[in-house]
Amino acid sequence: MSRSSRRGSRKVAAVALAVSAGLFLASCADSGADGGSGDAPESGSALTIGPVNAQTNEGDPVKGGTLTFSGYSAVTSLDPSKTQIAGSVAGSELGAIYDTLLRYDPTSQKFVPKLANSMSPSSDFKTWTLKLRDGVKFSDGTQVDSAAVSSSLARYVTNKGPQSSLYASKVASVDTPDASTVVFNLVDPWTGIESLLATGPGMIVAPSAQQGDQFTPIGAGAFTLEKFAPNEELILDAREDYFAGAPNVDKLRMISIVGSQATSESLKSGGADAAYMRSLPNVLDLIDSGYPGYVDIPSLSYLSLLNTAPGRPGADVRVRQALALATDPVALDNRLNEGKGLPGQVIFQDSSRWHNDEAPIGVDPAKAKQLLDEAKADGYDGKITYLTMQENSAQAMALALQSMANAVGFDFQIEYVNSVADVVKRLYVDRDFDMSTGSANLPEADPFERLYSNLKTGGRNNATSFSDAQMDTLLDELGVATSDDAKKEVLAKIQARATEVVPWQILGNTPWLGVWAKNVHGVQQSIDGIMFFDEAWKTN
């Protein structure tokens, strides 16, 4: 088992709702506490990123059968430009239909070709040249050529796909000098284009897929559509003419079982062959039970969001600082997770390759009370309302935060709503909240995109209305950094600035587990928890 010791825009389109719903509630369960320790919590973790219960002597692939995958959330659209692509939201399901131009290999921590044959930058990282494989075809029999790639990317931007604004701001033009070559001419040096081409924009849609208002899911992936019942199941057939050879399994059945416990039980009973899991108790149980898989720990996956818009309590930086100083993530974890979680106050915990030594804000109830008293002396009444779901673990979390905040003098109230959709609407459409549960889920492959969209003034997913000129400058610096060392240097500065201005209240991280039955083999991992099944097989 891979464990280490504990080391201590008002108007948002429907697709943006899908982005938010898929990304921000990674953490609405698991953490809470009584009182505070008075110490700065360390960013330690009980799990490490990487494979667990690795399989050996797997033997030769076996042909045939149906592989059933239970995703974290039900698929509602088969159009990559209409939904956020991530392991938690349609990434594995749509990846089976469309494939991606690139795949992120978490072991080597590099992007590798998938539909593409190669992807290489110029010396200044302002021009990237993508070469396509020979003989790759869409499921309608037409060729995957440079014109098809260019038109699919243009369609993604036109349809305002979730990552379209960043792509459009970074890519000045696209050239197609021949049928197998796509050249991306960038505005500035940028390495993040690899990340985009491994997710939604890199899922190339065939030119024939869109006929007027009618969309048909035609891609170059290893499977084609047999049946799609939204919120119920997606059944896919293996392609005999897939460029890498026919998949080993005959069919993929993609479902979403409500509740992590039910998903875990289905995996154990054989009702599901693979799954995407988030609930910490179930993740730990499956690992302890010997199930193979891959653990990922996205950064900033457990937050409280603080609305900084004028007229909200969080507009005063002293209020944000007081809330952070009053809240002890380690005590929260002890209360709700029996100390088995990943509490902390830094953006990148020590499980991340982007970890730095910048100190967190710390836990100091006395200082929190002092700051709150100063804000009250200037007219603040001490009231703040926390928005969350009417669900047991969310309630426990809210009550724990309430006890800590009230202990230093806040009048902390809780407002419950019925569903994730209700919370998402209040945060990302109405912007009607003081404080709420949240998440940014920064992938290890490239944290820039989500940091940018969550922190940049006017950013697409900047639900808190956070605006800070110094942070904007740092984000722009991060966007043009081209080496890991350069990125880490800027990320350390971002951490230092975040400690000063507290754009969100960091509570820790939530691990994810891509897991499969012991008789399943050949599953490939990619960015952000996306799983590919074109090489997967099952034994009896």
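Calculation notes
- Residues numbered from 1 in each chain as written.
- Predicted model: local features only at pLDDT ≥ 70, side-chain atom pairs only at ≥ 80, totals over all residues.
- Heavy atoms only, no water.
- Helix = DSSP H or I, 4+ residues; strand = E, 2+ residues; numbered from the N terminus.
- Buried < 20%, exposed > 50% of the residue type's maximum accessible area, 1.4 Å probe, protein only.
- Core = buried A, V, L, I, M, F, W, Y, C linked by side-chain atoms within 4.5 Å.
- Contact = heavy atoms within 4.5 Å.
- Pairing = 2+ DSSP bridges.
- Axes fitted to C-alpha atoms, helices over the stretch in contact; angles between N-to-C directions.
- Parallel < 35°, antiparallel > 145°, perpendicular 65-115°, else oblique.
- Left-handed = near helix turned anticlockwise from the far one by under 90°.
- Nonpolar A, V, L, I, M, F, W, Y, C, P; charged D, E, K, R; others polar.
- Salt bridge = Lys/Arg side-chain N within 4 Å of Asp/Glu carboxyl O.

We now examine the environment of glutamine 84. With respect to the helices and strands, glutamine 84 occurs in the loop between strand E2 (66-70) and helix H2 (91-98). Take glutamine 84: its relative accessible area is 3%, and that puts it in the buried class. The spatial distance from the C-alpha of glutamine 84 to the C-alpha of valine 258 is 20 Å, given a sequence separation of 174 residues.

Core analysis: the largest hydrophobic core is formed by 100 residues, its most contacted members being Phe184 and Phe533. Ranked by residue count, the leading element in this core is helix H15 (residues 484-501), at 5 residues. Apart from the residues within four sequence positions on either side, phenylalanine 184 is in contact with Met119, Lys126, Thr127, Trp128, Leu130, Leu153, Tyr167, Val171, Ser173, Val174, Ile193 and Leu197.

One open sheet accounts for 6 strands, arranged E17-E21-E16-E20-E18-E19; its pairing is mixed. Each edge of the open sheet is held by one strand with a lone partner, namely strand E17 (342-343) and strand E19 (411-417). Bridge analysis of strand E16 (residues 302-306) against strand E20 (residues 435-438) gives 4 bridges, and the strand direction is antiparallel. Looking at E20, one finds that leucine 306 is bridged to methionine 435. Of the strands in this sheet, E16, strand E18 (383-389), E19 and strand E21 (504-509) are in contact with helix H11 (residues 392-407), which crosses E19 at around 165 degrees.

Turning our eyes to something else, we now look at the packing of helix H13 (residues 448-455) against helix H14 (residues 469-480). The relative placement of two packed helices comes down to the angle between their axes together with the axis-to-axis distance. Packing of H13 against H14 brings their axes to within 10 Å, and their N-to-C directions diverge by 160 degrees. Between H13 and H14, the angle is such that the two are roughly antiparallel. Once H13 is placed against H14, the crossing between them reads as left-handed. Across from Phe448, Leu451, Tyr452 and Leu455 in H13, the residues of H14 making contact are Met471, Asp472, Leu475, Asp476, Leu478 and Gly479. Of the residues in the contact of H13 with H14, the class split is 7 nonpolar, 1 polar and 2 charged.

All chains considered together, the criterion is met by 24 salt bridges. In this structure, aspartate 237 and lysine 251 form a salt bridge, with 2.6 Å as the shortest nitrogen-oxygen distance. Highlighted residues: aspartate 237 in strand E12 (residues 233-238) and lysine 251 in strand E13 (residues 251-255), separated in sequence by 14 residues. We classify lysine 251 as partly exposed; its relative accessible area is 28%. For the salt bridge of arginine 497 with glutamate 500, the shortest nitrogen-to-oxygen distance reads 2.7 Å. With arginine 497 and glutamate 500 both in helix H15 and 3 residues apart, this pair spans about one turn of that helix. What makes arginine 497 buried here is its relative accessible area of 14%. Ionic contacts of the salt-bridge type, sharing partners, join the residues Arg312, Glu415, Arg426, Asp432 and Asp434 into one network.

As a further point, take the packing of helix H9 (residues 329-337) against H11. Contact geometry for H9 and H11: axes closest at 11 Å, N-to-C directions at 145 degrees. You can see that H9 and H11 cross each other, and the crossing is right-handed. Between H9, through Ala331, Leu332, Arg335 and Leu336, and H11, the contact on the second element is made entirely by Ala396, Met397, Ala400, Leu401, Ser403 and Met404.

The next subject is the sheet that holds E12. Strand order in this open sheet of 8 strands is E1-E15-E22-E14-E2-E13-E12-E11, and the pairing throughout is mixed. Looking at the sheet topology across the chains shown, the edges are occupied by strand E1 (50-52) and strand E11 (223-229). When strand polarity is set aside, the average angle formed by the axes of neighbouring strands in this sheet is 20 degrees. In terms of strand pairing, E1 meets strand E15 (residues 293-296) through 3 bridges, oriented antiparallel.

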